[in-house]
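# Survey of secondary and tertiary structure
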Amino acid sequence: MFSKDANIDWYRTPIDRDDLTLLMQRSDLRGWLQTLPHLGAWFISGWLAYLAFDALGTDNWMWLLPLLILALFVHGTIGPFLGLVAIHELQHRTVFKTRVLNEIFEVLYAFLSWSDFIWYKYSHPLHHKATCHHAYDGEVYLPQKFNFSRWRVWLALLAWNPLTTLALIVKWWRVANGHVDGAWNQYVLPSDNTRLRLRYKRWARTLLLGHGLLACCFIVSGHWFLMVIFTIGTQYCAWLGFLCGLPQHYGMQPNSPDFRYNTRTFTCAWLPAFLYWNMQYHVEHHMYPAVPFFNLPKLREKLAHDLPPAPHGLRATWKEMIEIKRRLAADKGYQFIPVVPDKQ
């Protein structure tokens, strides 16, 4: 069971009030410059994949099939970032200055990605309030685990695991029929909140009916391949989303009142940063969640003197994580302790 009395005295690196006020400014322009290319990249890659599939024939398959696979790989790589990554920022209401734009794109992204945005809306504030504290945070429970030795993991990361899609459909079918599974889900969506449960049920039915009708239209019109592009277009080639997402808290310390110990920041090239909405600056985001994603690099500059060094690039980040995994396998009592300036 989870407790409701979280009252954690968080440490936050001090920052000048005027600097923070400036960094917290929202911008409709910056919101459009993120969402339109973000969605556009997914739709364009899907369109290119469809064109390649439509033109595929016995006389050109040797060169067109690789292009089709490449387009699908790019499309699938972008897809996972349309889920809770984008929805996360939109729910913080920091993407657009105009609040309704955040709400519109939140639902749009959620529909495209089959995302559980209603649950997340109630779960994520609790995660911020009590990050990685076992008694209060069921969204991220440490220690986390990963295992690259299973073939199904590689299938999901580099191609498509149909069992993942099936599990998603079954989950939403159960929600549509009034079932909420899991202790944390039941905690954030309590059964006595009938209005919230009804809204949750209606969202499940919207997803199933909406995607079902679209899939039928694709099939009846003779364009069944659009199901690969649109219906399951966020459910394959999850490798980059996985590589960016797991470092947030992996190997860090639970039940700490200091984000520098339970959260990880890394830096990376512009493309993964763009797809990931700058959430690689995760310590900074937890310290000051009202700062929009586009200002997190500037916030990092203001706080860097008091933060652990950030590994640069996914290779260096995962090297650190794999070393933590290796040491934990050898010593169950091992704890990774980041190098924090005032603790040296």
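Residues numbered from 1 in each chain as written. Predicted model: local features only at pLDDT ≥ 70, side-chain atom pairs only at ≥ 80, totals over all residues. Heavy atoms only, no water.

### Digging into the overall build of the protein chain
The cut-off we apply is this: Segments assigned H or I by DSSP are reported as helices when at least four residues long, segments assigned E as strands when at least two residues long, and all are numbered from the N terminus. Every radius of gyration here is taken over C-alpha atoms, with the globule rule written as 2.2 Å times N^0.38, N being the number of residues. Here the Shrake-Rupley method, with its probe set to 1.4 Å, supplies the accessible areas, and only the displayed protein chains count as covering residues. Residues scored as positive are Lys and Arg, those scored as negative are Asp and Glu, and His as well as the terminal groups of each chain are ignored. Every charge is mapped onto a representative atom, which is NZ of Lys, CZ of Arg, CG of Asp or CD of Glu.
Counting its regular elements, the protein chain contains 17 helices and zero strands. Expected size for 344 residues packed as a compact globule is a radius of gyration near 20 Å; at 21 Å, the protein chain falls within 12% of this value. Looking at the protein chain as shown, the accessible area adds up to about 17,700 Å², and 64% of this sits on carbon and sulfur atoms. Charge centroids of the protein chain, computed over 33 positive and 24 negative side chains, lie 5 Å from each other.

### A short note on the packing of aromatic side chains
Defined as follows: Ring pairs shown here join Phe, Tyr and Trp side chains whose ring centres sit within 6.5 Å, with only the six-membered ring taken for Trp; geometry is labelled stacked below 30 degrees between planes, edge-to-face above 60, and tilted in between. Whether a residue is buried, partly exposed or exposed follows from its accessible area with a 1.4 Å probe, protein chains only, as a fraction of its type maximum: under 20%, in between, or over 50%, in that order. Counting as a charge over the ring demands two things of the Lys NZ or Arg CZ atom: a distance within 6 Å of the ring centre and an angle within 35 degrees of the ring normal.
A full pass over the atoms with the stated rule returns 29 aromatic pairs. Look at Phe 293 and Phe 294: their rings are 5.3 Å apart centre to centre, the planes differ by 80 degrees, and that puts the pair in the edge-to-face class. Phe 294 matches Phe 293 in its accessibility class, with the two residues each being buried. By the ring-pair criterion, three or more aromatic residues cluster together here, those being Phe 146, Phe 148, Trp 154, Phe 242, Tyr 250 and Trp 318. Directly above the aromatic system of Trp 172 lies the positively charged group of Lys 171, at a separation of 4.6 Å from the ring centroid.

### Some thoughts on the packing of helix α2 (residues 28–55) against helix α3 (residues 61–78)
Our working definition: Note on geometry: axes are C-alpha line fits, over the in-contact stretch for helices, and angles between N-to-C directions span 0 to 180 degrees. By definition in this entry, angles of less than 35 degrees are roughly parallel, angles greater than 145 are roughly antiparallel, angles of 65 to 115 are roughly perpendicular, and the rest are oblique. Handedness of each helix crossing follows the sense of rotation of the near helix against the far helix: counterclockwise by less than a right angle gives left-handed, clockwise gives right-handed. It only takes one pair of heavy atoms within 4.5 Å for two residues to be counted as in contact.
Their axes nearest at 8 Å, the elements α2 and α3 cross at an angle of 155 degrees. In terms of axis orientation, α2 runs roughly antiparallel to α3. Our pair here, α2 against α3, has a crossing hand that is left-handed. Here His 38, Ala 41, Trp 42, Ser 45, Gly 46, Leu 48, Ala 49, Ala 52, Phe 53 and Ala 55 of α2 come into contact with α3, specifically with Leu 64, Leu 68, Ala 71, Leu 72, Val 74, His 75 and Ile 78.

### What about the nonpolar core?
The line we're drawing: What we call a nonpolar core is a set of buried Ala, Val, Leu, Ile, Met, Phe, Trp, Tyr and Cys residues that are connected through their side-chain atoms within 4.5 Å.
By size, the foremost hydrophobic cluster in this structure holds 81 residues, and its most contacted members are Tyr 109, Trp 172, Tyr 200, Trp 203, Tyr 288 and Leu 299. When neighbours within four sequence positions are excluded, Trp 203 is seen to be in contact with Val 107, Ala 110, Phe 111, Ser 115, Phe 117, Ile 118 and Trp 172. If you look at the next biggest cluster of nonpolar residues, it comprises 13 residues, including Tyr 50, Ala 52, Leu 68 and Cys 237.

### Overview of a nonpolar patch on the surface
For the record, the criterion: To count toward a patch, a residue needs a relative accessible area over 30% and no salt bridge; like charges are then connected within 9 Å, while nonpolar side chains (Val, Leu, Ile, Met, Phe, Trp, Tyr) are connected within 5 Å. One speaks of a salt bridge when a side-chain nitrogen belonging to Lys or Arg is within 4 Å of a carboxyl oxygen belonging to Asp or Glu.
A cluster of nonpolar side chains, contributed by Leu 56, Trp 61, Met 62, Leu 65 and Ile 69, occupies part of the molecular surface with about 500 Å² of accessible area. One can find Ile 69 in helix α3.

### Let's talk about the pattern of salt bridges
Under the counting rule described, the total for this entry stands at 10 salt bridges. Here Asp 19 ties to Lys 302 by a salt bridge, and the two come within 3.6 Å at their closest N and O atoms. One end of the pair, Asp 19, is in helix α1 (residues 17–23); the other, Lys 302, is in helix α16 (residues 296–303), with 283 residues separating them in the sequence. When its relative accessible area of 26% is taken as the criterion, Asp 19 is described as partly exposed.

### A short note on helix α10 (residues 194–220)
One full turn of an α-helix is made of 3.6 residues, so residues set three or four places apart face in the same direction. This is how the line gets drawn: In this analysis, the expected span of each helix is defined as 1.5 Å times one less than the number of residues it contains.
If you check α10, its first and last C-alpha atoms are 38 Å apart, about what 27 residues at 1.5 Å a residue would give, namely 39 Å. For α10, the complete set of buried residues consists of Leu 196, Arg 197, Tyr 200, Trp 203, Ala 204, Leu 207, Gly 210, His 211, Ala 215 and Phe 218. Residues of α10 that are buried make contact with α5 (99–113), α6 (117–129), α8 (162–176), α9 (183–188) and α11 (226–231). Within two residues after α10, Gly 222 carries a phi angle of roughly 85 degrees, on the positive side.

### Observations regarding the state of the cysteines
This is how the line gets drawn: Count a disulfide wherever a pair of cysteine sulfur atoms falls within 2.5 Å.
Summed over the entire model, instances satisfying the criterion amount to zero disulfides. The thiol of Cys 132 is unpaired, and the distance to the nearest cysteine sulfur, on Cys 244, comes to 18 Å. In this structure Cys 132 comes out as buried when scored by relative accessible area, which is 0%. Note on Cys 237: no disulfide assigned, nearest cysteine sulfur contributed by Cys 244 at a separation of 15 Å.

### Here's the deal with the side chain of Thr 165
Mapped onto the fold, Thr 165 is located in helix α8. On the accessibility criterion, Thr 165 (9% relative accessible area) is buried. Each residue touching Thr 165, except ones within four places of it in the same chain, is listed here: Trp 160, Ile 232 and Gln 235.

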